[in-house]
Amino acid sequence: IDMEYLFASSTVSITNDGGMMIRANQIYAANMIQHTAGVGTLSHGDKYTYEKNYSASLWGSYYGKLKNMTHVVDQTKGDPERVNLHAMSLALRAYLLHRITDMYGDAPYEQAGRGLDGQENWFPRYDAQQDIYGYLVRDLREARGLLNAGVNDIGGQDLIYQGDTGKWKKFINS
């Protein structure tokens, strides 16, 4: 499969999932931390009741997207002709995993999204949240260090910053 296309497709799926963001952030998490509360039946968080559809929405949505982004990361690693594609994919993979650990705590990181690589990844090991934050910094530093304004390996498939490595560095630093 064309890695640039897979990157673009994954990017669209990450940024075009507003319903999941509303479900995870506003309906579930905002209630849980008492930003919002209500007397209706949709206010699961403030009543500390479990509602699997809201609780699992970010998890299911992001791990589904993570598979493709991880594939791009793994297939472009060490390829000097795809250095920016690799760096951008690594940054977006970190973004997905950052959102997951912020919401759920401990989660698969190192083995996440690699189920097709081998049976040992079918039930990935959970990494501790404190370790995940270290992995995030490691991966983001690597991505930032790899970005090369002199290489145009992404073409028109960067739907976020149109291949502008300066903007990608700002995103990574944020």
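What you are looking at is a predicted structure, and each value in this text was computed from that prediction instead of being measured.

Moving on: the packing of aromatic side chains. Under the definition given, this model contains 10 aromatic pairs. With a centroid separation of 6.4 Å and 50° between ring planes, the pair formed by Phe 7 and Trp 168 is classed as tilted. With Phe 7 in helix 1 (residues 3-15) and Trp 168 in helix 7 (residues 165-173), this residue pair connects regions lying 161 residues apart in the sequence. For the pair Phe 7 and Trp 168, a shared accessibility class is recorded, and that class is buried.

Judged by nonpolar contacts, the single largest core of 31 residues is most densely connected at Phe 7, Tyr 63, Leu 97 and Trp 168. Where this core is concerned, the elements lending two or more residues are helix 1, helix 4 (57-76), helix 5 (83-104), helix 6 (129-146) and helix 7. Not counting residues within four places of it along the chain, the set of residues in contact with Leu 97 comprises Tyr 63, Leu 66, Pro 108, Tyr 109, Ala 112 and Leu 136.

Should the pLDDT be low somewhere, the predicted coordinates at that spot are not to be read in detail. Per-residue confidence for the protein gives a mean pLDDT of 86, with 78% of residues at or over 70. Mean pLDDT values for the elements of the protein range from 66 in helix 2 (residues 18-32) up to 98 in helix 6.

Bringing the pattern of salt bridges into the picture now. Taken as a whole and assessed by the stated rule, the structure comprises 5 salt bridges. Glu 110 is the salt-bridge partner of Arg 138, the closest N and O atoms lying 2.8 Å from each other. Of this pair, Arg 138 sits in helix 6 while Glu 110 sits in the loop between strand 1 (107-108) and strand 2 (126-127), and the two are 28 residues apart along the sequence. On the accessibility criterion, Arg 138 (37% relative accessible area) is partly exposed. What makes Glu 110 partly exposed here is its relative accessible area of 28%.

By the secondary structure assignment, Ser 89 is in helix 5. By relative accessible area, which is 0% here, Ser 89 ends up buried. Along the chain, Ser 89 and Val 73 lie 16 residues apart, while their C-alpha atoms are 5.6 Å from each other.

About the criteria used
For every chain, the first residue of the written sequence is number 1, and numbering continues from 1 onward in sequence order. Local features in a predicted model are, by the rule used here, given only for residues with pLDDT of at least 70; side-chain atom pairs are given and counted only at 80 or more, and totals for whole chains, interfaces and linings are based on all residues. Hydrogen atoms and water are omitted, and side-chain values are computed over all heavy atoms in the structure. Pairing of aromatic side chains requires ring centres within 6.5 Å, counting the rings of Phe and Tyr and the six-membered ring of Trp. Pairs whose planes differ by under 30 degrees are stacked, by over 60 edge-to-face, and all others tilted. The helix and strand labels rest on DSSP assignments: H or I over at least four residues marks a helix, E over at least two residues marks a strand, and numbering proceeds from the N terminus. Buried residues are those whose accessible area, probed at 1.4 Å on protein chains only, stays under 20% of the maximum for their type, while exposed residues exceed 50% and partly exposed ones sit between those limits. The criterion is simple. A nonpolar core is a set of buried Ala, Val, Leu, Ile, Met, Phe, Trp, Tyr and Cys residues joined through side-chain atoms within 4.5 Å. Whether two residues are in contact is decided by their heavy atoms, any of which lying within 4.5 Å being enough. One confidence number per residue, pLDDT, is output by the predictor and ranges from 0 to 100. Salt bridge, as used here, is a side-chain nitrogen of Lys or Arg placed within 4 Å of a carboxyl oxygen of Asp or Glu.

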